[in-house]
Amino acid sequence: MDFLTVQPHFTIGQLKNIELNTPLPKPGLKTLMRRQLAFGHTLEDLNKFLKPMAVKGIDPLGAMGIDSPLAVLSEKPQLLYNYFHQLFAQVTNPPIDAIREEVFTDTTSAIDPEKNLIDPHPDSCRQISAESPILNNIELAKLKNINQPKFEAATLPMLCPVSKVGQGLKKALDDSCNQADKYISQDKCIMILSDRDMNEKMAAIPALLAGACLHHHLIRNGTRLKASIIIESAEPREVHHFALLLGYGVSGINPYLSFETIESMCANGLITEVGFETATENYISARTHGIAKVFSKMGISTVQSYCGAQIFEALGIGKDVIDKYFTGTPSPLGGIGLDEIAAEVSMRHLPAFKTKSTNFIYDSGSKYQWRSNGEKHILNPKAVFTRQRACQTNDYSLYKKFSNELCGSTFVNQTLRSMLTFTPTSISPSPLKK
């Protein structure tokens, strides 16, 4: 007897009787490096984040302060995730201690069509449970190969022709939504958005944009509860990326490029402490705990409550994009549109495929550490040295040099406050009273 007919609620790990009809693809080194460059991977990503997580299973800690430019003010191409900032719990919604109160958090993700909560039926519990919203390749393959009436998966490409990436991005998003409507009408309930087939002629649509677009499209059509959204993408790699995808309606994420990179590191001796399987488990564990840390800051205790909650604000995204694809998200500054998003995709994609395979050069990355050819940092070596020297020698002139440097032309348009000007008026000032 078929497993699905006797067990309405099950985990992905229990799907042992479903055949994997296609072998898991393993890219060559050349393909792997092109993917890494096209999706903006840097040496900082590989050495300071991916490797430590694979070896120790712990999400590395960074500084609280960010002294590099906002994404919209940066001169470097930015991932769409960088335009969003997490909100945090305030007075009426106290945060949870994700470490000491871990017993109260649940990272289980449900992949299913949801039924009417106030009119329950036996098939209301017909769901697939994933222990983590981050799916490994085998789990994703099992989902792709489910073939049951009213419980089937469909794969939608997150791709756009490179030659038309500007004007074609909107069309590609609309086509994806229309295709999803067609699949849902055929009782398929797992929509898998994938950029695995990205190549020289087809660029990947930002996963956050594609996922949020489909999420809000289904809400507007009244069919959101009929399908779950899964992302198969080489783009997400940081906790912030996964949190955003979940916050905009995605139920599961397969970061296949991270797994491929870990496998390559293990094969080439860059990771020797653990084997590939353990390294992958460590990576998933680190990212899962990181997600729990993020949603616990809002006082949320489960992934299912966080999914679709949109607890973010956008800094630097225009009203047209927000209204259609990120509906309801605060965006106080306005900013970029689809054309600029497409341009940033091209700035990463084109060099990755124009470079000869023998001349691949990774950007060093400068998001967390100052580099001479990277992002500008307000607290750069020169500024830090000048301040320390001023304190050591009690030299006020050196301190003024330090403060003038921070307010000088070097950092104009790097922060919002540097762009503010005061306009004098003819109105008399209000007198100060004791």
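Each residue is numbered by its place in its chain's sequence as written, counting from 1. A pLDDT threshold of at least 70 governs which residues receive local features in this predicted model, and a stricter bar of 80 or more applies before side-chain atom pairs are shown or counted, although totals over entire chains, interfaces and linings include all residues. The side-chain figures draw on all heavy atoms in the structure; neither hydrogens nor water molecules are used.

Undergrad: Quick one: what's the story with the packing of helix 7 (residues 239–247) against helix 9 (residues 276–296), residue by residue and with numbers?
TA: Think of each axis as a best-fit line through the C-alpha atoms, taken over the contacting stretch in the case of a helix, with angles from 0 to 180 degrees between the N-to-C directions. Each helix is a run of H or I in the DSSP string that is no shorter than four residues. Each strand is a run of E no shorter than two, and both are numbered from the N terminus. Running from amino to carboxyl end, helix 7 crosses helix 9 at an angle of 60 degrees, the nearest separation of the two axes being 9 Å. Regarding the angle of helix 7 to helix 9, the classification is oblique. Between helix 7 and helix 9 lies a crossing whose hand is right-handed. Together, Val 239, Phe 242, Ala 243 and Leu 246 of helix 7 and Tyr 283, Arg 287, Gly 290, Ile 291 and Val 294 of helix 9 make up the contact between the two elements. Classification used: nonpolar for Ala, Val, Leu, Ile, Met, Phe, Trp, Tyr, Cys and Pro, charged for Asp, Glu, Lys and Arg, polar for all others including Gly. Class assignment of the residues belonging to the contact of helix 7 with helix 9 gives a composition of seven nonpolar, one polar and one charged. By definition in this entry, angles of less than 35 degrees are roughly parallel, angles greater than 145 are roughly antiparallel, angles of 65 to 115 are roughly perpendicular, and the rest are oblique. Helix crossings get a hand from a simple test, with the near helix turned counterclockwise from the far one by less than a right angle marking a left-handed crossing and a clockwise turn marking a right-handed one. Here, residues are in contact when the closest pair of their heavy atoms is within 4.5 Å.

Undergrad: Help me get a handle on the nonpolar core, residues and values and all.
TA: By convention a nonpolar core is built from buried Ala, Val, Leu, Ile, Met, Phe, Trp, Tyr and Cys residues, the set being connected through side-chain atoms within 4.5 Å. The buried label applies to any residue whose accessible area, calculated with a 1.4 Å probe on protein chains only, is under 20% of its type's maximum; exposed applies above 50%, and partly exposed to all values in between. Counting residues in each nonpolar core, the largest one holds 95 residues, and the members touching the most others are Phe 84, Leu 209 and Phe 326. Setting aside anything within four residues of it in sequence, one finds Phe 326 in contact with Leu 80, Phe 84, Leu 208, Leu 209, Ala 212, His 216, Tyr 248, Gln 310 and Val 321. Core analysis: the next-biggest nonpolar cluster, separate from the first, contains 13 residues, Ala 130, Leu 135, Ile 190 and Ile 192 among them.

Undergrad: How would you summarise the confidence of the model for the chain if you had to cite specific residues and measurements?
TA: Per-residue confidence from the prediction method is given by pLDDT, with values spanning 0 to 100. Per-chain confidence: the chain averages 85 in pLDDT, with 91% of residues scoring 70 or above. Element-level mean pLDDT values for the chain span from 35 in helix 1 (residues 3–6) up to 96 in helix 6 (residues 207–221). Scored below 50 in pLDDT, residues 1–8 makes 14 contacts in the model with residues more than four places away or belonging to other chains.

Undergrad: Can you tell me about unusual backbone geometry, naming the residues and giving the values?
TA: The phi torsion at Asp 187 lies on the positive side, around 65 degrees, for a residue other than glycine. As for its position among the elements, Asp 187 is in the loop between helix 5 (168–185) and strand 8 (188–194). You will see that Gln 310, though not glycine, has its phi angle at about 55 degrees, which is positive. Mapping Gln 310 onto the fold places it in the loop between helix 10 (303–306) and strand 12 (312–314).

Undergrad: Lay out the packing of helix 5 against helix 6 in plain terms, naming residues and giving numbers.
TA: It is at 10 Å that the axes of helix 5 and helix 6 come closest, and there the two elements cross at 50 degrees. Comparing the axis directions of helix 5 and helix 6 gives the class oblique. Here the hand of the crossing between helix 5 and helix 6 comes out right-handed. Where helix 5 approaches helix 6, its residues Leu 169, Leu 173, Cys 177, Ala 180, Asp 181 and Ile 184 are matched on the opposing element by Leu 209, Ala 210, Cys 213, Leu 214, His 217, Leu 218 and Asn 221. Residues belonging to the contact of helix 5 with helix 6 are distributed by class as follows: 10 nonpolar, two polar and one charged.

Undergrad: Got a sec to walk through the pattern of salt bridges? Specific residues and values, please.
TA: Salt-bridge detection follows one rule: a side-chain nitrogen of Lys or Arg within 4 Å of a carboxyl oxygen of Asp or Glu. For the structure on display, the rule yields 11 salt bridges. Notably, a salt bridge pairs Arg 287 with Asp 59, separated by 2.8 Å at the nearest N-O pair. Residue Arg 287 is located in helix 9, and its partner Asp 59 is located in the loop between helix 3 (43–56) and strand 2 (84–86); the two are separated by 228 residues in the primary sequence. Judged on exposure class, the residue Arg 287 and its partner Asp 59 are both buried. Here Lys 171 ties to Asp 175 by a salt bridge, and the two come within 2.9 Å at their closest N and O atoms. Here Lys 171 pairs with Asp 175, and both are found in helix 5, just four residues apart, close to one helical turn. Judged by relative accessible area, Lys 171 falls into the exposed class, the value being 53%. Through salt bridges with shared partners, one network takes in Arg 35, Lys 144, Arg 196, Glu 232 and Glu 260.

Undergrad: Got a sec to walk through helix 2 (residues 29–38)? Specific residues and values, please.
TA: With respect to burial, helix 2 is a largely interior element, seven of its 10 residues being buried. In this fold, the buried residues of helix 2 make contact with helix 3, helix 8 (256–267) and helix 12 (338–354). Once helix 2 ends, the next one or two residues include Gly 40, with phi positive near 80 degrees.

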